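# Analysis of the macromolecular model
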Amino acid sequence: MGRSLTSIADLSDEEISHLFDLSRIFLEVNEREIPKVPALRGKTVATVFFENSTRTRLSFELAATRLSADVLTFTLGSSSVSKGESLRDTAETIESLGADLIVMRHSSSGSVKLVGSWLDIPVVNAGDGAHEHPTQALLDALTIMDHFHMNSRLDGLRVAIVGDVLHSRVARSNAQLLSRLGAEVNLVAPPALLPLDLSLWPVKSSFLLDEVLPQVDVIYMLRIQTERFSESILPSMEEFSRSFSLTANRLGRAGKGAIVMHPGPIIRGLEISAEVADSPRSLIRTQVKNGIGIRMAVLYWLLGTDRDRVDPQW
Amino acid sequence: MGRSLTSIADLSDEEISHLFDLSRIFLEVNEREIPKVPALRGKTVATVFFENSTRTRLSFELAATRLSADVLTFTLGSSSVSKGESLRDTAETIESLGADLIVMRHSSSGSVKLVGSWLDIPVVNAGDGAHEHPTQALLDALTIMDHFHMNSRLDGLRVAIVGDVLHSRVARSNAQLLSRLGAEVNLVAPPALLPLDLSLWPVKSSFLLDEVLPQVDVIYMLRIQTERFSESILPSMEEFSRSFSLTANRLGRAGKGAIVMHPGPIIRGLEISAEVADSPRSLIRTQVKNGIGIRMAVLYWLLGTDRDRVDPQW
Amino acid sequence: MGRSLTSIADLSDEEISHLFDLSRIFLEVNEREIPKVPALRGKTVATVFFENSTRTRLSFELAATRLSADVLTFTLGSSSVSKGESLRDTAETIESLGADLIVMRHSSSGSVKLVGSWLDIPVVNAGDGAHEHPTQALLDALTIMDHFHMNSRLDGLRVAIVGDVLHSRVARSNAQLLSRLGAEVNLVAPPALLPLDLSLWPVKSSFLLDEVLPQVDVIYMLRIQTERFSESILPSMEEFSRSFSLTANRLGRAGKGAIVMHPGPIIRGLEISAEVADSPRSLIRTQVKNGIGIRMAVLYWLLGTDRDRVDPQW
């Protein structure tokens, strides 16, 4: 088993800092007339998505392409999985085909780590169930850091993560990473959408978004999965939306410098209003852009020949 | 908003002529042992198809590849659109990912232009509802021109566009472009499949194919969308086919030099007989081939560093 | 019509031997830091799969990529075939788009050869109905050869091909190729799953796996298509599995040096137990790896400028 990235906990503080440095270099590369470097020429990156997520998959594939790697796309629809092939056999086949790294999304928590334990090549978790989505947390941290002109820490910044925390791998990875970087994280959700036991989470929690807003620098809205609201334990969608949807009016309660983030895809009018999504305070598009830099950094770090340095010729 | 190609009306006469010149250069490139030029190296072309059309999508993607651009394929099936993401958010995300140009197909007339108004990168209309399909018209005009050994005009040529004109974006773009180039366009369809008001179209119209055939140089058959014929206002499929299907027998009424064209995919025996489709008078395969040249020209013209010239080194 | 590979019978003994030599060269290339050669730069390989098979498609596409060819992926889901386009028109369109070679899978026996007869470019059969799958047989032969340290023949080796022989294109291609190379092939299946007339097959047959096992060097397990077992003529799945599933216990009856192969995807616990699949006697992963080499060899042989030699500079 090679080194992999399945969880924020896999990374040391030094490695996190190194990934931010690499990302900033690659984001500069992306501004060039020809935004490519030959760093991973001849390497093959396989994206293996058992759950659909075009935006995340394309982000990884474009990152690989910009590092001059080849891409092998494996999606569920057209796969042998429907013929009854096991996860292990699928993964081993992709390794045997010649993939040098697997980027994987799956609906089961822990599945990506399990696959990593079977293979000799690195795996990158692009989302496993309600567990983790580490590259999302890294790109979010980088976005916050750059916006507030901080270098590698987030000390003192106050971040509210708002919405369906309970089912969110994004919330889980972000809470961990942002806390480690020094931010004060507040999970804001109705009781039924918060984890039962938060004692191990390095966070505060709150049921009332309106009370939290005046004291935050970052309002991180989670995606609403509408299908959840059929479960009877939850509040109705209307009820939820009334208290937790980020409208322009509600955003007025936050400080002037507070920014709005969202992992996407957003549903305008549900968790966030169109006016807020398009306002200059929204960093949603910057997050997408930074995602390419972070994913280039992660791929280079796991596959580059000299991962701790970058070629000054680039 | 950058320059885009959403409609034939976007193009000046000089630009149309320039695109034909570029296409002929690129079609020569395509005959080489290594049919590639480095013109768009480092650029990323995204194909964003909300309606399936493998042939059109592959034509654009191959054109991009031959210009050394990278391709990012976004199709509906696997996308966040099914999670409720708006067209605007999808388009902005693709731009933020780093696409330099979007080639888009969508079922709504005007949607491609709308997307172009939201973005800073060019968009190319690969078919929007019953509105337009400008690269199809360009490749068709080029095919006719080259067949009749004309350089950049179609003066005096008589073109019949036959079939379901009412619902056809191909008819709309072709009628505009071919007329501007000097051709005399005749729309041939049963009354229920012609637009109600043709006063703004620079064309003639006719209900009787058999009468038109002896006087045309180009018989342009439109695709029949069989699902239309369930609508009660239309003639039955059999009735339509009896009068408008291009059989070898019917083709005999046309002059010897008249050619047959079709945008594809064809259904043999429905709008066109197998014998006609495979005859030397059919230019269907030439149309497909010229499509690569036109799309290379359009991509180069919108993305090349010096779009008005091409590198003599190629 | 150019040269194609639709069946093992298309190949002379010299050509088979040459393909093995090429494969071994390309498998060495695949071990390099940058596993690519510029052999097919500028060529476009189209994969046209009317039946899903991600593993086979990706194997061909990766092979093409490693030879520096461009890839054009055409899959049924998103294609005009659903609009009623004929196989011939689909194939001709792909050729007109600029493909230099088509790799095709289809559910109809003989369809790939038919397509080859319509086109000027080579076609490679990646599985046509219950007919043939020649690159699978080539990679299997290479795997056996290399394991037993033989150069280009399999003289004296005893191979049991076990399972649903009747419906298997893999069995058909393997029986032909392995026999031609000198192996003694034994088809092992219940009577209902053997072809009625084996007189033209250069093989023995048997109904009892347990009796065959002590006398074989290679146990080649076929994939079980569970949907077959609803047909009343067949034994029940349980009955079949009891007699033909390769468990560790049953494998104990074979000689110590006997190896286990399977074309994949496997269903653990059905035709093969997990213990056997993961044992060092299983060459399943080596088959997948060798598939890349064989497919690189086939593509190079059909498209390379000097197909009988390889550039010593590689």
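It should be noted that the structure appears before, not after, this text.
Predicted, not measured: the structure shown is a model, and the values here were computed from it.

Attention now moves to the overall build of chain A. Secondary structure summary: chain A contains eleven helices and nine strands in total. Relative to the 2.2 N^0.38 estimate, which gives 20 Å for 314 residues, the radius of gyration of chain A is 19 Å and therefore close to what a compact globule would have. Each principal axis of the C-alpha distribution contributes one length, and for chain A these read about 55 × 50 × 35 Å. Looking at chain A as a whole, 62% of its 314 residues qualify as buried. Contacts spanning at least 24 positions in sequence make up 73% of the contacts within chain A whose residues lie at least 6 apart.

All names here are of chain A. Among the six residues in strand β4 (residues 123-128), six count as buried, and that is most of the element. Bridging between strand β3 (residues 101-106) and β4 involves four bridges; their strand directions are parallel. Directly across from His-106, in β4, lies its bridge partner Asp-128. Handedness of the β3-helix α4 (residues 111-118)-β4 crossover: right-handed.

This next bit is on the relation of the copies chain B and chain A. Of the transformation placing chain B onto chain A, the axial shift is 0.0 Å and the rotation is 120°, giving an RMSD of 0.0 Å. This pairing of chains is accounted for by a three-fold axis.

Before going further, it helps to spend a moment on the packing of helix α3 (residues 87-97) of chain A against helix α11 (residues 284-303) of chain C. Their axes nearest at 8 Å, the elements α3(A) and α11(C) cross at an angle of 40°. Classified by the interaxial angle, the pair formed by α3(A) and α11(C) is oblique. Crossing angle aside, the handedness with which α3(A) passes α11(C) is right-handed. Across the interface between the two elements, Glu92(A), Thr93(A), Glu95(A), Ser96(A) and Leu97(A) from α3(A) touch Arg285(C), Val288(C), Lys289(C) and Ile292(C) from α11(C). Broken down by class, the residue content of the contact of α3(A) with α11(C) amounts to three nonpolar, two polar and four charged.

So, about the packing of aromatic side chains. A complete count under the given rule lists nine aromatic pairs over all chains for this structure. Relative to Phe244(A), the ring of Phe240(A) has its centre 5.2 Å away and its plane inclined at 20°; by these criteria the two rings are stacked. Taken together, the residues span about one helical turn, with Phe240(A) and Phe244(A) both in helix α8 (residues 237-244) at a distance of four residues. On the accessibility criterion, Phe240(A) (5% relative accessible area) is buried. The class of Phe244(A) is buried, set by a relative accessible area of 6%. Against the face of Trp301(B) rests Arg3(B), its NZ or CZ located 4.0 Å from the ring centre.

This part is about the interface of chain B and chain A. With 25 residues of chain B at the contact, the number on the chain A side is 24 residues. Carbon and sulfur atoms supply 49% of the area that chain B and chain A bury against each other, a total of about 2300 Å² over both sides. Across the chain B-chain A interface, the total number found is six salt bridges. Two residues, Glu95(B) and Arg285(A), come together in a salt bridge whose shortest N-O distance is 2.5 Å. Applying the counting rule to chain B against chain A returns nine residue pairs in polar contact (both at pLDDT 80 or more). Only β2 (70-75) and α3 (87-97) of chain B provide two or more residues apiece to the side of chain B that touches chain A. No other element matches α3(B), which puts seven residues into the side of chain B that touches chain A. Split by residue class, the side of chain B that touches chain A holds three nonpolar, 13 polar and nine charged.

Quick look at helix α2 (residues 54-66) of chain A now. Residues and elements named next belong to chain A. Between the first and last C-alpha of α2 there are 18 Å, a value that for 13 residues agrees with the 18 Å anticipated at 1.5 Å per step. The buried fraction of α2 amounts to 13 of the 13 residues, a majority that puts the element mostly inside the structure. Immediately downstream of α2, the backbone of Ser-68 shows phi near 70°, a positive value.

Further remarks concern the interface of chain C and chain B. Contact with chain C, which involves 25 residues of that partner, is made by 24 residues of chain B. In total, about 2300 Å² of surface goes out of reach between chain C and chain B, with carbon and sulfur atoms giving 49% of it. Applying the counting criterion to the chain C and chain B interface returns six salt bridges. Applying the counting criterion to the chain C and chain B interface returns eight residue pairs in polar contact (both at pLDDT 80 or more).

All names here are of chain C. Listing the buried residues of helix α8 (residues 237-244) in full gives Phe-240, Ser-241 and Phe-244. Buried residues of α8, viewed axially, fall in a sector of 95°; they line one side. Along α8, the residues that are exposed and aim more than 90 degrees away from the buried face are Glu-238 and Arg-242. The elements touched by buried residues of α8 are β5 (158-162), β6 (184-188), α7 (209-212), β8 (218-221) and α9 (248-251).

Attention now goes to the side chain of Ser279(C). All names here are of chain C. Considering the arrangement of structural elements, one finds Ser-279 in the loop between α10 (274-277) and α11. Ser-279 gets classed as buried once you look at its relative accessible area, which sits at 16%. In this structure the side chain of Ser-279 is engaged in a polar contact, spanning 3.1 Å, whose partner is the backbone oxygen of Val-276.

What follows concerns the side chain of Ser241(B). All names here are of chain B. Among the secondary structure elements, Ser-241 is positioned in helix α8 (residues 237-244). Note on Ser-241: relative accessible area 18%, which makes it buried. In terms of polar contacts, Ser-241 uses its side chain to reach the backbone carbonyl oxygen of Leu-270, at 3.4 Å. The residues touching Ser-241, leaving out its near neighbours within four places in the chain, are Arg-250, Gly-269 and Leu-270.

Looking along the chain, the bond that leaves Gly264(B) and enters Pro265(B) is cis, with omega of -10°. Mapped onto the fold, Pro265(B) is located in the loop between β9 (259-261) and α10 (274-278). Look at His149(C): it is not a glycine, yet its phi comes out positive at around 55°. Mapped onto the elements of the fold, His149(C) is located in the loop between α5 (134-147) and β5. On the basis of relative accessible area, His149(C) is assigned to the exposed category, the value being 72%.

Right, let's get into the sheet that holds strand β6 (residues 184-188) of chain B. Residues and elements named next belong to chain B. Read across the open sheet, the five strands follow the order β7-β6-β5-β8-β9; overall the sheet is parallel. Of all the strands in the sheet, the pair left with one neighbour each is β7 (204-206) and β9. Within the sheet, the average angular offset between the axes of one strand and its neighbour, ignoring direction, is 25°. Relative to β7, β6 runs parallel, the two sharing three bridges. What sits directly across from Asn-186, in β7, is Lys-204. Helix α6 (residues 169-180) contacts β5 (158-162), β6 and β8 (218-221) of the sheet and is inclined by roughly 170° relative to β5.

Conventions and cut-offs
Residues numbered from 1 in each chain as written. Chains lettered and ligands numbered in written order. Predicted model: local features only at pLDDT ≥ 70, side-chain atom pairs only at ≥ 80, totals over all residues. Heavy atoms only, no water. Helix = DSSP H or I, 4+ residues; strand = E, 2+ residues; numbered from the N terminus. Rg over C-alpha atoms; globule rule 2.2 N^0.38 Å. Buried < 20%, exposed > 50% of the residue type's maximum accessible area, 1.4 Å probe, protein only. Contact = heavy atoms within 4.5 Å. Pairing = 2+ DSSP bridges. Right-handed = clockwise from strand over helix to strand, strands pointing away. Least-squares fit on C-alpha atoms with pLDDT ≥ 70 in both. Axes fitted to C-alpha atoms, helices over the stretch in contact; angles between N-to-C directions. Parallel < 35°, antiparallel > 145°, perpendicular 65-115°, else oblique. Left-handed = near helix turned anticlockwise from the far one by under 90°. Nonpolar A, V, L, I, M, F, W, Y, C, P; charged D, E, K, R; others polar. Phe/Tyr/Trp six-rings, centres within 6.5 Å; stacked < 30°, edge-to-face > 60°. Lys NZ or Arg CZ within 6 Å of the ring centre and 35° of its normal. Buried area = accessible area lost by both parts, 1.4 Å probe. Salt bridge = Lys/Arg side-chain N within 4 Å of Asp/Glu carboxyl O. Polar contact = N/O pair within 3.5 Å; in protein donor to acceptor, adjacent residues only side chain to side chain. Expected span 1.5 Å × (residues − 1). Arc of directions from axis to C-beta.

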